[in-house]
Structure formats: structure tokens, C-alpha cells
Amino acid sequence: MNHSAGLPAPLFDDAFESGGAPRPASGGALPALQGLDWAALYARLNENGVAVTEPLLSPEQCEEVISTYENPALFRSTVVMQRHQLGRGTYKYYADPAAVPLVRALREQLYPPLAWMANQWAPLLNERPFPATLDELLAECAANGQTRPTPLILRYGEGDYACLHQDVYGDIVFPLQITVMLTRPGEDFTGGENVFVEQRPRAQSRAVVVRPGLGQAMIFPVRHRPVRGEHGFRRHPMRHGTNAVESGRRTTLGVIFHNAR
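The paragraphs below set out a description of the structure included in this document.

So, how was this worked out
- Residues numbered from 1 in each chain as written.
- Predicted model: local features only at pLDDT ≥ 70, side-chain atom pairs only at ≥ 80, totals over all residues.
- Heavy atoms only, no water.
- Core = buried A, V, L, I, M, F, W, Y, C linked by side-chain atoms within 4.5 Å.
- Buried < 20%, exposed > 50% of the residue type's maximum accessible area, 1.4 Å probe, protein only.
- Helix = DSSP H or I, 4+ residues; strand = E, 2+ residues; numbered from the N terminus.
- Contact = heavy atoms within 4.5 Å.
- Lys, Arg positive; Asp, Glu negative; His and termini not counted.
- Salt bridge = Lys/Arg side-chain N within 4 Å of Asp/Glu carboxyl O.
- Polar contact = N/O pair within 3.5 Å; in protein donor to acceptor, adjacent residues only side chain to side chain.
- Phe/Tyr/Trp six-rings, centres within 6.5 Å; stacked < 30°, edge-to-face > 60°.
- Lys NZ or Arg CZ within 6 Å of the ring centre and 35° of its normal.

## Description of the nonpolar core
- In this structure, Leu114 and Phe174 are the most contacted members of the largest nonpolar core, which totals 48 residues.
- Listed by contribution, the elements that provide at least two residues to this core are helix 1 (38–48), helix 2 (59–67), helix 3 (101–121), helix 4 (134–143), strand 8 (176–181), strand 12 (217–221) and strand 16 (250–255).
- For this core, the leading source of residues is helix 3, giving 12 residues.
- If we skip the residues at most four places from it in the chain, Leu114 touches Trp38, Phe174, Leu176, Ile178, Ile219 and Phe257.
- Membership of the second largest hydrophobic core comes to 12 residues, among which are Leu152, Tyr156, Ala162 and Ile256.

Next up, the structure:
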């Protein structure tokens, strides 16, 4: 497996615009979002298939999200991964992300700049554009029978891991998602690296290993991303998973923007 910093950049040109991303609303619980360089994040997403932000959550905010794990009233479903051959570990879907202020803020405030990114990709892949606000996307999901919220908290102990997968959930699929690291790599846990595998047409697949720090988020495709080939842009399918945790406990927050059936 290769580390993302050592990978050659896929070919792309001015078809990828470098400016114009809307900024999240100022103020509120997430001031770190105001300092993000969305053009640079978009460029890294196009180069490597995944982009790591500066910390979005403070250590105290990470602890606040972790504390929700022990409150069963906040969740609609708990999945024990080994029962479904998904890997080993446990994750829980929030019943109502609006009931957890930090989860609600991340989902609502990150959606507009990520929709800008998705809408830069859409014409390259002959795909549909997406609405400017999360409420509009969720209304589309509801009209399609996708009403179950998808933000989730994931906990891995020693030996736990996640198999490679995609978080699709229905016919309406917003093409980008984020994962926020809530615990300290190297202190709270060891191992447990994030793994992204990109399938390349008529070539071997490419693996990217990412190690975000506390509070940092990874932006990555749900299903595929555009990469320029000899005859225009092609879809490169991507899947993601987690390497086995060697020691300690690893907790992350997953923010998926479309709802599930």
C-alpha cells in the first residue's frame, strides 16, 4: 500500500475549477470551518481521491461526540459488524442528527462546499447536479423513500477492522462524504489506518493509506471520482475501509449526506 503523499497525481486540467466554493455560515459551534481552503481541498481530492482537512473539532468537541455513544436514545440502529461479514467492530446510526448539535452543524455547514465540489464533477461524469442546501437534498431523498438518517459513530477495539465498502443506501446518492477522527492516533489507539482503494480501468487497483489526527476530517467519494483518460474523463470506482486496530480504542464520526431507505 502506498501513502498518499508518495502517489503520482492523476492527470487533470482546467476542467477542474479552482475557486467559487461557498463558505459555511460564520459563527456557531464550528469556527474552524471558516479557515478551510476549499480550493486546495478540492485540488487534493482530485489528485489523491481523498482530502484531509485541518481539525474541524476541538478535543473537547470530540469528547462531546464520543459521549453520545453510550446514550441509546440517540440511535435508530446498532450494527455489530462481524454478524454481517462487514469486518469487526460496532457502529450506530443516529436517529435524528438534529438532536446532536455538533453532528447537525457538521452535516449542514459542510454540505454547501461539498455540493460545489460535487457539481464540478457532475458534467465531467454526465451526472446530475445537486441542490445548494442539505434541506433540499433531504427533501429529494424523502420523495424517493429515503428517510432514515445516515450519520453514524463507529467504534473499533483491538483487532477490529472494516472491510472495503461503499455507503450508497438508495437511488439518490450524494457523491462525497466525510469521516472525522475523534480519538488520538498513537495515544488512544495504534493501527486502524484508513484505507482507500481506487479501481483503475485496465490497470491494477491503487491503495491510499490515510492517518488523520484528532478532529481532522477526510473528504472522499462515496462511489467513484472523475479522472482524465485518453478520451475524456472516466469513472474510477473507490471503496474505503479500516485496517485492524492493534491496541486501544478508535472512534470516528461518519457524515453521509443522503438518507437511507
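Having seen the model, we can carry on.
## Points about the side chain of Arg107
- Tracing the sequence through the fold places Arg107 in helix 3.
- For the buried Arg107, no salt bridge is present, and the opposite-charge side chain at shortest range is Asp96, 7.3 Å distant.
- Among the polar contacts made by the side chain of Arg107, one reaches the main-chain carbonyl oxygen of Phe257 at a distance of 3.0 Å.
- Leave out the neighbours within four places in its chain, and Arg107 touches Pro97, Leu134, Leu138, Thr150, Pro151, Val255, Ile256, Phe257, His258 and Asn259.

## What to know about the packing of aromatic side chains
- Counting across every chain of the model gives 9 aromatic pairs.
- Ring geometry for Tyr111 against Phe174: centres 4.9 Å apart, planes inclined by 40 degrees, an arrangement best described as tilted. With a gap of 63 residues between them, Tyr111 in helix 3 and Phe174 in the loop between strand 7 (161–165) and strand 8 connect regions that are remote in the sequence.
- According to the relative accessible area criterion, Tyr111 is buried, its value standing at 0%.
- For Phe174, a relative accessible area of 0% corresponds to the buried category.
- Consider the rings of Phe130 and Phe174, whose centres lie 5.2 Å apart with planes at 80 degrees: the pair is edge-to-face. With Phe130 in the loop between helix 3 and helix 4 and Phe174 in the loop between strand 7 and strand 8, the pair connects residues that are 44 residues apart, well separated along the chain.
- For Phe130, a relative accessible area of 10% gives the class buried.
- Clustering of aromatic rings is evident, with ring pairs tying together Tyr111, Phe130, Phe174 and Phe257.
- The ring of Tyr93 has Arg76 lying over it, and the distance from NZ or CZ to the ring centre is 4.4 Å.
- Sitting over the face of the ring of Phe130, Arg128 holds its NZ or CZ atom 4.3 Å from the ring centroid.

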